[in-house]
Amino acid sequence: MPSGMKVITIYGSKSDLPFMEPARVYFAEHGVEHEEVVYSAHRDLPALLEYLKGLDANGTKAVLLCVAGLSAALPGVVVMNTELPVIGVPVPCGPLNGVDALLAISQLPGGVPATTVGLHKKTPLNAAMAAHRIIRLAE
């Protein structure tokens, strides 16, 4: 893995951490440098923006996985406040079992270039694999 390249998973809620366990396993098995943080776009916006500003100021090279359910504002907020690539990861929760999150991420307007993965039991693994493939381009 190129020095300094990593995946950063940003969670909108601590309750989403167990959902992403398959991604953590994948990163460990493939030697992918990985970091996890929790910042809600709704409840912790100033802290989230400060964190993103620090990534850019430090020249961090990473792919960001933004894990969010319900309104899933996190991926859109993150992608508009950093130049790093963002993959939105919808969480199957709430009355629509994550469909609202998937649509919120996949229907971001023009000029808001977040990508997303599908909504199913392999979502965390697909997100991890996609991020790994992106950072491998720097090898």
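Notes on the structure follow. (Residues numbered from 1 in each chain as written. Predicted model: local features only at pLDDT ≥ 70, side-chain atom pairs only at ≥ 80, totals over all residues. Heavy atoms only, no water.)

With that settled, consider unusual backbone geometry. Its identity is not glycine, yet Leu70 carries a phi of approximately 55 degrees, on the positive side. Within the fold, Leu70 resides in the loop between strand E3 (61-68) and helix H3 (74-79). Residue classification places Leu70 among the partly exposed positions, given a relative accessible area of 42%. Phi is positive for Asn97, close to 50 degrees, though the residue is something other than glycine. Residue position: Asn97 is located in the loop between strand E4 (86-90) and helix H4 (99-106). (Helix = DSSP H or I, 4+ residues; strand = E, 2+ residues; numbered from the N terminus. Buried < 20%, exposed > 50% of the residue type's maximum accessible area, 1.4 Å probe, protein only.)

Time to look at the pattern of salt bridges. Under the defined criterion, the tally for this structure stands at 4 salt bridges. A salt bridge links Glu50 to Lys53; the shortest N-O distance between them is 3.9 Å. Residue Glu50 and its partner Lys53 are both found in helix H2 (residues 45-57); the two are separated by 3 residues, about one turn of the helix. The network of salt bridges with shared partners includes Glu21, Arg24 and Glu36. (Salt bridge = Lys/Arg side-chain N within 4 Å of Asp/Glu carboxyl O.)

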